[in-house]
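This is what each chain is made of:
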Amino acid sequence: MIDKRSELSDDECQSASAPEQLSEQFASLWQSQSTVSLNIEALEAKYKWFNVKQKLFFIADWLALLPFIWVLIYKRSELSFFWLCFFIALGLWALIHTIYVSWLRRYSLFYDESTTKSYLDVLKNKLDNCRRIARITKIASWVVYPSTIIVMLLADSPNSSNLESPIDKLWFCFIFLACTAVSTVVTHRREQKFKQELSSLDDWKHTNSAQ
Amino acid sequence: MSFAETIAEFQPLLARVVSSYEYNTALQQELMQEIALCVWQALPRFNAQSSLKTYVLKIAHNRAVTHVATQQRHYSSLSSQDDDMDALEAINSKSPEALSSQQQQLSQLLAAIRSLPVQYKQVVTLSLEGLSYQEISEVTGMNVNQIGVTLNRAKKQLNKAVQDDR
């Protein structure tokens, strides 16, 4: 049997002879507090929609791979070696990214019911992973979009008639540069948000362990 | 038990957990909804190794800890300690007639609980909900020895805080 007093100081050993639960007065006060209430029907509707949304995101992630599969299966014979390598490289990158994002969505669909002690470490790891993913996505957008522009402008395009006029080229550059800018801003904000949350968590843990 | 039945049964319990972490009523409502979402997500995996009450409390405390630990920048102006000091000042500035004695004591108790370190707060509130040491251990991950020590120390702090405010 575990001796509950083995870690108590002398002073605490004396006070431990008092009832171990908090006083009845505190308990009755605690139970008497008025509490906020929830609209359960509205909550159920909201959470059913949340579930549908998460499943739609999951499906959309995988549907994004279909163009690569279509090109590699049905247009393979029309592609030069260079373009085949280019599409395979992009497809592989998209596949790895999709698997990683799907793995993360798994965590948003389920909830970790570990004890608070281990939960804080899990939470820190989760936030750090999210920060890393935001950073990787930001760096990837600097590489993928500009390199696509360079490749499309300099190399022979798979269908050269698409980018023959200078206006088409300008539009193409503008759209891909806009994608780079938007992706950079969004991922940078997410990275900063997770950094801030990690920092808050560290400060909070430090404050609570110091008290 | 369905989600609606679970939430209906444990709503007052969850609200008390929320009140021990958040002072602001609007933020309490927000945190309550976040906890309800987590309970809904976790409910299918409940395997009856512990009681449903313990399971729900574990989820509620973890979500509340996330809320206060990661959202400090959003709620810095409403941080619990500042709020609690304001709340205590407001309570103490009112005449005894303005607030009933029980209401005043409850506010002092809540303010004192919110100012406790998280481990103390968890052990105290779980004890106030009638959980055994073993059940508190299942929620917090602390061993039974630590819980006894923590509860004694927290009780002293609470007594001191409530008496000092009188």
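Residues numbered from 1 in each chain as written. Chains lettered and ligands numbered in written order. Predicted model: local features only at pLDDT ≥ 70, side-chain atom pairs only at ≥ 80, totals over all residues. Heavy atoms only, no water.

### A look at the overall build of chain A
At step 1: Counting its regular elements, chain A contains 7 helices and 0 strands.
At step 2: Mapped from its N terminus to its C terminus, chain A presents α and β elements in the order α-α-α-α-α-α-α.
At step 3: Going through the 211 residues of chain A one by one, you find that 31% of them count as buried.
At step 4: Contacts in chain A between residues far apart in sequence, at least 24 positions, make up 74% of those at least 6 positions apart.
At step 5: A total accessible area of about 13700 Å² is found for chain A, and carbon and sulfur atoms account for 64% of it. (Helix = DSSP H or I, 4+ residues; strand = E, 2+ residues; numbered from the N terminus. Buried < 20%, exposed > 50% of the residue type's maximum accessible area, 1.4 Å probe, protein only. Contact = heavy atoms within 4.5 Å. Areas by Shrake-Rupley, 256 points an atom, 1.4 Å probe, with all protein chains shown as cover.)

### Here we look at the confidence of the model for chain B
Residue and element names in this part refer to chain B.
At step 1: Residues of chain B with pLDDT of at least 70 account for 81%, and the chain-wide mean is 80.
At step 2: Here residues 75–80 is modelled with pLDDT under 50, and outside its nearest four sequence neighbours on either side it reaches 11 contacts, counting other chains as well.
At step 3: Interface confidence for the predicted complex, given as ipTM, is 0.74, next to a pTM of 0.68. (pLDDT = per-residue confidence, 0-100.)

### Quick word on the environment of Phe58(A)
At step 1: Counting through the fold element by element, Phe58(A) comes out in helix α3 (residues 40–63).
At step 2: Taking the C-alpha atoms as reference points, Phe58(A) and Ser102(A), 44 residues apart in sequence, are found 6.4 Å from one another.

### Section: the packing of aromatic side chains
At step 1: Within the structure shown, the criterion is met by 8 aromatic pairs over all chains.
At step 2: With 6.0 Å between their ring centres and 75 degrees between their planes, Phe86(A) and Phe87(A) make a pair best called edge-to-face.
At step 3: Three or more aromatic residues link up through ring pairs in this structure, and these residues are Phe82(A), Trp83(A), Phe86(A) and Phe87(A).
At step 4: Lying across the ring of Tyr21(B), Lys121(B) places its NZ or CZ 4.8 Å from the centre. (Phe/Tyr/Trp six-rings, centres within 6.5 Å; stacked < 30°, edge-to-face > 60°. Lys NZ or Arg CZ within 6 Å of the ring centre and 35° of its normal.)

### Observations concerning the pattern of salt bridges
Residue and element names in this part refer to chain A.
At step 1: In total, this model carries 8 salt bridges over all chains according to the counting rule given.
At step 2: Note that Lys75 and Glu78 form a salt bridge whose closest N and O atoms lie 3.7 Å from each other.
At step 3: Where salt bridges share partners, they join Asp128, Arg131 and Arg132 into one cluster. (Salt bridge = Lys/Arg side-chain N within 4 Å of Asp/Glu carboxyl O.)

### Describing the environment of Ala60(A)
At step 1: Looking at where Ala60(A) falls in the secondary structure, it is placed in helix α3.
At step 2: For the pair Ala60(A) and Thr98(A), spaced 38 residues apart in sequence, the C-alpha separation works out to 9.8 Å.

### Some words on the packing of helix α6 (residues 116–154) of chain A against helix α3 (residues 52–70) of chain B
At step 1: α3(B) packs onto α6(A) with a crossing angle of 50 degrees between their chain directions and a minimal axis gap of 10 Å. As the angle between them shows, α6(A) and α3(B) are arranged oblique. As for the relative orientation of α6(A) and α3(B), their crossing is right-handed in sense. For the pair α6(A) and α3(B), contact is made by Thr116(A), Tyr119(A), Leu120(A), Leu123(A) and Leu127(A) and by His61(B), Asn62(B), Val65(B), Thr66(B) and Thr70(B), respectively.
At step 2: A breakdown of the residues in the contact of α6(A) with α3(B) according to their chemical character gives 5 nonpolar, 5 polar and no charged. (Axes fitted to C-alpha atoms, helices over the stretch in contact; angles between N-to-C directions. Parallel < 35°, antiparallel > 145°, perpendicular 65-115°, else oblique. Left-handed = near helix turned anticlockwise from the far one by under 90°. Nonpolar A, V, L, I, M, F, W, Y, C, P; charged D, E, K, R; others polar.)

### Regarding the nonpolar core
At step 1: Trp204(A), Ile7(B), Leu14(B), Tyr21(B), Val124(B) and Leu158(B) are the most contacted members of the largest nonpolar core, which has 70 residues in total.
At step 2: In terms of nonpolar packing, the next biggest core, distinct from the first, is built from 12 residues, Phe68(A), Leu79(A), Leu84(A) and Val144(A) among them. (Core = buried A, V, L, I, M, F, W, Y, C linked by side-chain atoms within 4.5 Å.)

### Here we look at the side chain of Thr180(A)
Residues and elements named next belong to chain A.
At step 1: Among the structural elements, Thr180 can be located in helix α7 (residues 166–210).
At step 2: Side-chain polar atoms of Thr180 contact the backbone oxygen of Phe176, separated by 2.8 Å.
At step 3: Filtering out sequence-adjacent residues up to four positions away, Thr180 remains in contact with Ser141, Trp142, Tyr145 and Pro146. (Polar contact = N/O pair within 3.5 Å; in protein donor to acceptor, adjacent residues only side chain to side chain.)

### Re helix α2 (residues 24–32) of chain A
At step 1: All buried positions along α2(A) are accounted for by Phe26(A), Ala27(A), Leu29(A) and Trp30(A). Projected down its long axis, α2(A) carries its buried residues within an arc of 165 degrees, all on one side. (Arc of directions from axis to C-beta.)

### What to know about the packing of α3(A) against helix α1 (residues 3–21) of chain B
When two helices pack together, their arrangement is given by the angle between the helix axes and by the axis-to-axis distance.
At step 1: Contact pair α3(A) / α1(B): the axes reach a minimum separation of 10 Å and the direction vectors enclose 135 degrees. By the criterion of interaxial angle, the relationship of α3(A) to α1(B) is oblique. Judged by the sense of rotation from one axis to the other, the crossing of α3(A) with α1(B) is right-handed. Packed against α3(A), whose contacting residues are Ile40(A), Leu43(A), Glu44(A) and Tyr47(A), the element α1(B) presents Phe3(B), Ala4(B), Ile7(B), Ala8(B) and Gln11(B) at the interface.
At step 2: Among the residues forming the contact of α3(A) with α1(B), the class breakdown is 7 nonpolar, 1 polar and 1 charged.

### Describing α1(B)
At step 1: Taking 1.5 Å of rise per residue, 19 residues should cover 27 Å, yet α1(B) covers just 24 Å from first to last C-alpha, more than 12% shy of that figure.
At step 2: Of all the bends in α1(B), the greatest, near 60 degrees, is centred on Phe10(B), and the proline Pro12(B) appears no more than four residues after it. (Expected span 1.5 Å × (residues − 1). Bend = angle between axes of the 7 residues up to and from the residue.)

### Considering unusual backbone geometry
At step 1: We note that Ala48(B) has phi near 65 degrees; this positive angle belongs to a residue other than glycine.
At step 2: Mapped onto the secondary structure, Ala48(B) falls in the loop between α2 (25–42) and α3.

### Comments concerning the environment of Glu191(A)
Residues and elements named next belong to chain A.
At step 1: Take Glu191: it is sitting in helix α7.
At step 2: Taking C-alpha positions, Glu191 is 7.5 Å from Arg132, a pair spaced 59 residues apart along the chain.
At step 3: Look past the residues within four positions of Glu191 in its chain and what remains in contact with it is Arg131, Ala134, Arg135 and Lys138.

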